[in-house]
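Examining the three-dimensional arrangement
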Amino acid sequence: MPNLSLSIKEKALEIGFQKVGITKPIVDEKSRKALESWLNDDYHATMEWIVRRKDERGNIFEYFPEVQSIVSFGINYFSGHNQNDLNGGYKLSNYAWGDDYHDYVKSKGFQLLQYIKEKIPSVKGIVCVDTSPVMEKPLAQKAGLGWQGKHTNLITRDFGSWLFLGELLLDIPLEYDSPFSEDLCGSCTACIDSCPTQALDAYILDARKCISYLSIEHRGELPNNQKDLHGWIYGCDICQEVCPWNQKFSVVTKESPFQPRENIFNWRKEDWNQMDEDGFRTLFKKSPVKRTKFIGIKRNINQNNS
Ligand code: B12
Ligand code: SF4
Ligand code: SF4
C-alpha cells in the first residue's frame, strides 16, 4: 500500500519522530543466533527477563503471529548539555535527565496507530518502546534508520545515536524500505578504547561489565570485581559521548520532556549524599530513574564514595 505507507511516514514525522522506516517482518536468523550466543555467554548478567522471552525476541512471529509490517521510529533526545553541566560531581546518563521516555514515546506511537485506525478500522497493531520482547536495533537497521555501531547502539547519519527507538507492529502489508546496509564505523574504535570497564568487544557488549547495567539493572550489592562505577550514579554515556557521529551530527531536540530537570543539574554533592526517599520521589517522579528505586541510586552514590 504505497500511499498509506507514505502517509504513515509523513504522519510519524508530524507527530515528532525524526526517523521512520518500514520493514517486512522476517525470522532473522543472524540476530536470533547473535541473541542466543549472547545469552549462552552470560553477557546478559542477571537480566533473566531477556532469557524468559528469548523465543519471542528472536522471532517476531512468536510475539505477534499476524504481523505483516513493522514501522520503526526514532526520536532525538539530545538536550545540548553534557556531564560538565551537573554541579554535584556525579554523572547521570543524559537519557534520564527529563521525563520517562517509555510513556512519552509510547503515547506518540499510539497517536500513529490511531491515525492508521481511522483509515483502516480493522487494523490490529502493537506499540513497542523498549520493554516489548523485540530486538529494536536490528529492526531499525532493517527499516533503514541507521546501523548498529561497535558500541552496539543504533547510529543515524543525521542525528548520531542519541535517539530512542520504538516500533508499531501491524497486521497489514505496507511498502517496505531498504535496510541500512553500510557500516559507517570504519576503522574507528573510540568507544571500545574509552569504555572504562572494557565491556565492549566490537559490536558485542558484556553487560556484566557495563556501568549502565550495573547502575540500573543490577539488584543488591555490586559484584566484587565490578564495584567501580567511575562516578556514574545512573546509566553511562561514555561510549556514545566519544563517538564521532555524536560529536559531529548531534542535533538539539525541541522536545520539552527531554529537557533536564533543574535540580539534577543544580544539586551539589551534599544534596545527592543527603537525598532521602522523599527527595528521591520528588526529583525522579515520572523519570526513568525510578527503575533503580531509592535503594539502587543510594547504593550507587555510596559506591562512588567508598
Ligand atoms: C537489554 C538492554 C540493555 C542492556 C544490554 C545492552 C545491549 N547492548 O544489549 C543494558 C542494561 C546494558 C543496556 C544499556 C543501555 N541501553 Co539499552 N536496551 C536493552 C534492550 C531492552 C534489549 C537489547 C538487546 O536485545 N540486547 C541483546 C543483544 C544480543 O542485542 P544487541 O546489542 O542488539 O546485539 C547485536 C550485536 O551486538 C551483535 N551481537 C551480540 N552478540 C553477538 C555475538 C556474536 C557472536 C555476534 C557475531 C554478534 C553479536 O548482534 C546482535 C544483533 O544485531 C533494548 C530495547 C529493545 N527491546 O531492543 C534497549 C536499548 C538498546 N537501550 C537503549 C539505551 C539508550 C541504552 C543506554 C544508552 C542507556 C544508558 N545511557 O545507560 C545503554 C547503552 C549501553 C551500550 N553500549 O549498549 C536504546 C538504544 C537506542 C539506540 N539508539 O540504539 C534501546 C533500543 C531502548 C530504546 N527503546 O530506545 N540496555
Ligand atoms: S555504557 Fe559505559 S560501561 Fe557500558 S559499554 Fe558504554 S562506556 Fe562501557
Ligand atoms: S565510536 Fe567509532 S567505532 Fe564506536 S560506534 Fe562510534 S563510530 Fe563506531
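No experiment lies behind these values; they were computed from the predicted model shown. Residue numbers here run from 1 along each chain, matching the order of that chain's written sequence. Chains and ligands are labelled by the order in which they are written, letters from A for the one and numbers from 1 for the other. Where totals are concerned, whole chains, interfaces and linings use all residues; where local detail is concerned, this predicted model gives features only for residues with pLDDT of at least 70, and gives and counts side-chain atom pairs only at 80 or more.

Remarks on the domain arrangement of the chain
Per the domain assignment, the segments of the chain are domain 1 (2-84 + 98-170) and domain 2 (190-248 + 260-305). Per the annotation, domain bounds derive from an automatic or database assignment of domains. Each of domain 1 and domain 2 has a C-alpha centre, and these two points are 24 Å apart. By definition, residues are in contact whenever their C-beta atoms, placed on the basis of the backbone, come within 7 Å of each other. The partner domain 2 presents 22 residues to the 22 residues of domain 1 that form the contact. Three classes are used, and their members are as follows: Ala, Val, Leu, Ile, Met, Phe, Trp, Tyr, Cys and Pro are nonpolar, Asp, Glu, Lys and Arg are charged, and the others, Gly among them, are polar. Partitioned by chemical class, the residues of the side of domain 1 that touches domain 2 number six nonpolar, twelve polar and four charged.

What about unusual backbone geometry?
Glycine aside, a negative phi is what most residues show, and trans is what most peptide bonds show. Here the phi dihedral of Tyr 203 falls at roughly 70°; this positive angle occurs in a residue that is not glycine. With respect to the helices and strands, Tyr 203 occurs in the loop between strand S8 (200-201) and strand S9 (204-205). Of note in the backbone geometry, Lys 286 takes a positive phi value of approximately 55° without being a glycine. The secondary structure listing takes helices from DSSP runs of H or I that are at least 4 residues long and strands from runs of E that are at least 2 residues long, numbered from the N terminus.

Brief notes about the sheet that holds strand S2 (residues 69-76)
Being paired, for any two strands, means DSSP has found at least two bridges between them. Spatially, four strands are ordered S1-S2-S7-S4 in an open sheet, and the strand pairing comes out antiparallel. Single-partner strands in this sheet number two, and they are strand S1 (19-23) and strand S4 (125-128). Across the sheet, the mean angle separating the axes of adjacent strands is 15° when strand polarity is ignored. Pairing between S1 and S2: five bridges, direction antiparallel. Counted as the bridge partner of Gly 21 is Ser 72 from S2. Helix H6 (residues 101-119) contacts S2, S4 and strand S7 (163-170) of the sheet and is inclined by roughly 35° relative to S7. Every angle, taken between N-to-C directions, lies between 0 and 180 degrees, and every axis is a line fitted to C-alpha atoms, over only the stretch in contact when it is a helix.

Focus: the site of ligand 2
Nearness here has a simple definition: the residue's C-beta atom, placed using the backbone, must lie within 6 Å of the molecule or strand. Near ligand 2 you find His 151, Cys 195, Thr 197, Ala 199, Leu 200, Leu 205, Cys 210, Ile 211, Ser 212, Cys 236, Ile 238 and Cys 239, and these make up its full shell. Elements with a minimum of two residues in the shell around ligand 2: helix H9 (211-217) and helix H10 (238-241).

Considerations on helix H2 (residues 29-40)
Residue count minus one, scaled by 1.5 Å, sets the expected span of a helix. Across its twelve residues, H2 extends 16 Å between first and last C-alpha, which sits within 8% of the 16 Å expected from 1.5 Å per residue. Residues with at least 20 neighbouring C-beta atoms inside 10 Å of their own are called buried, those with 12 or fewer are called exposed, and the rest are partly exposed, where every C-beta is derived from the backbone. Counting buried residues in H2 gives one out of twelve residues, a small share hidden from the surface. Once H2 ends, the next one or two residues include Asp 42, with phi positive near 65°.

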